[in-house]
Structure formats: structure tokens, C-alpha cells
Amino acid sequence: SSRHLFETCRRIGHRPKIIFASSLAVYGGNLPEVVQDDTALNPKTSFGVQKAIGELLLADYSRKGFIDGRAMRLPTISVRPGKPNKAASSFSSDIIREPFNNVATVCPVTADMRLWLMSPRQAVECMIWGHNLGSESFAQVPVINLPGVCVSVGEMVEILGKIAGPA
């Protein structure tokens, strides 16, 4: 669908601005302590591969002047509203949201697993910010890793206990 959108924009011919919501899923394997915007892509899931393809197509169509493309790499969005879903990262919302709703949930990872998180509200703010940046900010690399909070699952559960109580 991204390729079809980019190709339609190319045919229209007026270089529209495209904001592509990408994901930390484009990374995988052993990562450096600090992940930069230009850290090599190495997706380990189909979702990550699709996001990497979207980023590369966006960069190519932007380089050719067909679109004004900006890819914004989102951390895991937590706490997402609504019911649990089948996304691999869904547990990061579930372990916080479900106890407040008196619903049992299972955490499929160990307490020492570290997550890079952003709130839904902050994600919207960052997308607006990226839209409003000048094109020159994306001239070299049309991708920006958005800021997030790095926290372990154990730290999340500990803070939940302090806020909601041990039960």
C-alpha cells in the first residue's frame, strides 16, 4: 500500500508531504548502546521488514523529488487504549492497563527485558512536530528516531505497584 501511495503521488506531480509511521521493529539483533537514526536496519519480523521497505521506498521517492517524505520511527506505544490485541508489543500496555480494569494478564517476557516506550499522546505530538519541520531537516536521512523512555518490564511493574497497590 505504501508503494501504491508513493506511486500515485509521483503521478500527481506536486511533491506532497508524506509522514510515514515507522517502527523500532526495523532493528534487530545486537544493537549499540545508543541507536542512531542511521543505525543499520536488521529487522527480525515480517512487520519490521515491511516497515524497512516502506522507509527505503520513501527515501527513494523523496530523493527523486516525487514526494517530501519523512519517516518517524516510533518506540513501542504504551499504554494503548482499548482491549489487548495480537501485536507482539501489546503486553507492554496490557501489564499496565489490565490490572487497573481488574483483568488478569500474562507477561510473556522476563522482568529484565528493556523497552523503548512512548505514550499515545506524545506520538501524536511528535508526528505533528515532524510534519512541521522544514524539508532540509530530512535532506540527508529522511528518518528520525523519535524520543522515548527506556525502562525494564520489572521497573514498569514496580511503578504500577506503587501507584495501584500490590494487589
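This text goes with the structure placed above it.
Since we're looking at a predicted model, the values are computed, not measured.

A. Highlighting the packing of helix 3 (residues 91–100) against helix 5 (residues 153–164). At a minimum axis distance of 11 Å, the contact between helix 3 and helix 5 shows a crossing angle of 15 degrees. Relative to helix 5, helix 3 is oriented roughly parallel. When you trace helix 3 past helix 5, the crossing you get is right-handed. On helix 5, the residues that touch F91, S92, I95, I96, P99 and F100 of helix 3 are V153, M156, V157, L160, I163 and A164. In terms of residue class, the contact of helix 3 with helix 5 is made up of eleven nonpolar, one polar and no charged.

B. Structural detail: the sheet that holds strand 4 (residues 114–118). Strand order in this open sheet of three strands is 3-4-6, and the pairing throughout is mixed. Since the sheet does not close on itself, it has two edges, and those belong to strand 3 (76–77) and strand 6 (149–152), each with one partner. Of the pairings in the sheet, the one linking strand 3 to strand 4 comprises two bridges and is parallel in character. Paired with T76 across the strands is L117, a residue of strand 4. Against the sheet, helix 4 (residues 120–132) touches strand 3 and strand 4, its axis set at about 65 degrees to strand 4. Here helix 5 sits on the sheet in contact with strand 4 and strand 6, set at roughly 85 degrees to strand 6.

Criteria and thresholds
Residues numbered from 1 in each chain as written. Predicted model: local features only at pLDDT ≥ 70, side-chain atom pairs only at ≥ 80, totals over all residues. Heavy atoms only, no water. Axes fitted to C-alpha atoms, helices over the stretch in contact; angles between N-to-C directions. Helix = DSSP H or I, 4+ residues; strand = E, 2+ residues; numbered from the N terminus. Parallel < 35°, antiparallel > 145°, perpendicular 65-115°, else oblique. Left-handed = near helix turned anticlockwise from the far one by under 90°. Contact = heavy atoms within 4.5 Å. Nonpolar A, V, L, I, M, F, W, Y, C, P; charged D, E, K, R; others polar. Pairing = 2+ DSSP bridges.

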